[in-house]
Amino acid sequence: MALMEQFRKQGDFLFRYRSFFPIPFFLVGLGIHIYQQLQANGNFIPEYYYAICFGVGLIGLIVRIIIIGYVPKGTSGRNRTEQIANTLNTDGMYSVVRHPLYVGNFLMWLGIAMIVANIWFIVIFVLAYWIYYERIMYAEEAFLREKFGQTYLDWASKVPAFIPCFRKWQSPNSYFSAKNALRREYTGLFNLVVVFFLFHYAQSVIKNDMDFTYLGENEILWFGILAFTVIFYFTVRILHKGTKLLHVEGR
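Residues numbered from 1 in each chain as written. Predicted model: local features only at pLDDT ≥ 70, side-chain atom pairs only at ≥ 80, totals over all residues. Heavy atoms only, no water.

When helices and strands are counted, the chain shows eight helices and zero strands. Starting at the N terminus, the α and β elements of the chain follow one another as α-α-α-α-α-α-α-α. Its C-alpha radius of gyration of 20 Å places the chain within 12% of the 18 Å reference for a compact globule of 251 residues. Along the three orthogonal principal directions, the C-alpha set of the chain runs to about 65 × 45 × 35 Å. Only carbon and sulfur atoms are counted for the fraction: they give 66% of the accessible area of the chain, which is about 13,900 Å². One way to put it: in the chain the 23 positive side-chain charges average out to a point 9 Å from where the 16 negative ones average out. (Helix = DSSP H or I, 4+ residues; strand = E, 2+ residues; numbered from the N terminus. Rg over C-alpha atoms; globule rule 2.2 N^0.38 Å. Areas by Shrake-Rupley, 256 points an atom, 1.4 Å probe, with all protein chains shown as cover. Lys, Arg positive; Asp, Glu negative; His and termini not counted. Charge placed at Lys NZ, Arg CZ, Asp CG, Glu CD.)

Next up, the structure:
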């Protein structure tokens with residue numbers, strides 16, 4: 001099999017299972033985090049560092065929200081079985097980088113990788129993400145080239161694949177739909193908060209002599225963030241699955 005066909009086949013396979021990519025890194029990272037905390041009696045990571053890492057993850061989520069709020073239906077979706085693109089997105093975030101959703105994903109997961117506070121873990125994560133998503137981006141671009149032909153080639157020749165070039169920014173031609181962004185990205189916020197809570201809770205338990213019920217100011221803050229996020233998640237999910245309140249025509 002020629003390399004072009006092999007890369008595309010691999011990319012299509014990895015595309016279908018891309019939602020499982022973070023799971024092994026989360027489990028390994030949590031294990032390293034717990035080990036390092038045990039070695040330092042729960043004082044391995046200062047509180048401000050959690051805020052920095054959480055901020056990086058939130059930036060990634062905000063990038064995704066901006067993208068999803070503008071794109072039309074049938075593009076930039078969470079489809080898993082096959083590539084879908086009813087139109088070619090070329091404005092907004094797609095005018096500065098060809099794969100902005102994967103940039104958002106990278107920042108979200110980088111924030112989580114940073115919590116581990118292990119330089120080798122972060123380096124391995126970056127390399128693994130690069131190798132994994134390089135194949136997916138190759139498969140997506142092959143699909144778009146076949147479907148949109150010269151229109152795609154003209155756009156791709158001007159816009160970088162992964163590192164944004166903001167001087168190429170073109171304002172979106174459509175309006176921002178908060179409903180569409182909320183309907184499609186509420187799960188991302190939930191997952192991000194749960195992961196950060198688990199890392200912080202593990203440190204708190206170790207720091208307080210394995211007391212699973214200790215509640216200091218920082219613990220109360222994170223429990224409050226988690227409680228708000230859980231209520232928010234199920235509220236949006238009920239509205240999304242049980243009503244048409246978040247439905248937007250053409251989005």
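Counted according to the given criterion, the structure contains 32 aromatic pairs. On the numbers, 5.3 Å between centres and 65 degrees between planes, the contact of Tyr70 with Phe176 is edge-to-face. Within this pair, whereas Tyr70 is found in helix 3 (residues 47–70), its partner Phe176 is found in the loop between helix 6 (150–156) and helix 7 (178–207), the two being separated by 106 residues in sequence. For Tyr70, a relative accessible area of 27% translates into the label partly exposed. When the ring of Tyr201 is compared with that of Phe223, the centres are 6.1 Å apart and the planes differ by 80 degrees; the resulting orientation is edge-to-face. Of the two residues, Tyr201 sits in helix 7 while Phe223 sits in helix 8 (residues 217–242), which places them 22 residues apart along the sequence. The class for Phe223 is partly exposed, based on a relative accessible area of 34%. Ring pairing ties together the aromatic residues Phe21, Phe25, Tyr102, Phe106, Trp109, Phe121, Phe125, Tyr129, Tyr132, Tyr133 and Phe162, which thus form one cluster. (Phe/Tyr/Trp six-rings, centres within 6.5 Å; stacked < 30°, edge-to-face > 60°. Buried < 20%, exposed > 50% of the residue type's maximum accessible area, 1.4 Å probe, protein only.)

This paragraph deals with helix 5 (residues 119–148). When the terminal C-alpha atoms of helix 5 are compared, their 42 Å separation across 30 residues agrees well with the 44 Å that a helix rising 1.5 Å per residue should span. Near the N-terminus of helix 5, the side chain that reaches the backbone nitrogen of Trp120, with its oxygen 3.0 Å away, is that of Asn118. Immediately downstream of helix 5, the backbone of Gly149 shows phi near 55 degrees, a positive value. (Expected span 1.5 Å × (residues − 1). Polar contact = N/O pair within 3.5 Å; in protein donor to acceptor, adjacent residues only side chain to side chain.)

With that settled, the discussion passes to the nonpolar core. Phe125, Tyr129, Tyr133, Phe196 and Phe199 are the most contacted members of the largest nonpolar core, which totals 36 residues. Counting residues per element, the ones that place at least two in this core are helix 1 (3–16), helix 3, helix 4 (100–115), helix 5, helix 7 and helix 8. Broken down by element, this core gets its largest block of residues, nine residues, from helix 4. (Core = buried A, V, L, I, M, F, W, Y, C linked by side-chain atoms within 4.5 Å.)

Along the chain, Ala142 turns up in helix 5. A C-alpha to C-alpha distance of 52 Å links Ala142 and Glu217, two positions 75 residues apart in sequence.

Where nonpolar side chains cluster on the molecular surface, the patch consists of Ile119, Trp120, Val123, Ile124, Leu127 and Trp130 and spans about 680 Å² of accessible area. With respect to the helices and strands, Ile124 occurs in helix 5. (Patch = residues over 30% accessible without salt bridge, like charges linked within 9 Å, V, L, I, M, F, W, Y side chains within 5 Å. Salt bridge = Lys/Arg side-chain N within 4 Å of Asp/Glu carboxyl O.)

Of note in the backbone geometry, Ala117 takes a positive phi value of approximately 55 degrees without being a glycine. The phi angle at Met210 is positive, at roughly 60 degrees, despite the residue not being glycine. Looking at the secondary structure, you find Met210 in the loop between helix 7 and helix 8.

Bringing helix 4 into the picture now. The end-to-end C-alpha distance of helix 4 is 23 Å, a good match for the 22 Å that 16 residues give at a rise of 1.5 Å each. Judged by how many residues are buried, helix 4 sits mostly within the fold: 15 of 16 residues are covered. A positive backbone phi angle near 55 degrees is found at Ala117, which sits one or two residues after helix 4.

For the rest of this paragraph, the subject is the environment of Tyr50. Mapped onto the elements, Tyr50 comes out in helix 3. Once the C-alpha coordinates of Tyr50 and Gly111 are considered, the two residues, 61 residues apart in sequence, prove to be 9.1 Å apart. The contacts of Tyr50, once residues within four sequence positions are left out, are His33, Gln37, Ile45, Ile115, Phe196, Phe199, His200, Gln203 and Trp222. (Contact = heavy atoms within 4.5 Å.)

A separate point is the side chain of Gln203. Its place among the elements puts Gln203 in helix 7. Side-chain polar atoms of Gln203 contact the backbone oxygen of Ile45, separated by 2.8 Å. Not counting residues within four places of it along the chain, the set of residues in contact with Gln203 comprises His33, Gln37, Gly42, Asn43, Phe44, Ile45 and Tyr50.

Moving on to the pattern of salt bridges. Under the defined criterion, the tally for this structure stands at three salt bridges. One salt bridge connects Glu141 with Arg98, and the closest N-O pair in it is separated by 2.8 Å. Taken as a pair, Glu141 in helix 5 and Arg98 in the loop between helix 3 and helix 4 lie far apart in primary sequence, 43 residues in all. Glu134 is the partner of Arg135 in a salt bridge, and the nearest nitrogen-oxygen pair spans 3.5 Å. Its relative accessible area of 36% is what places Glu134 among the partly exposed residues.

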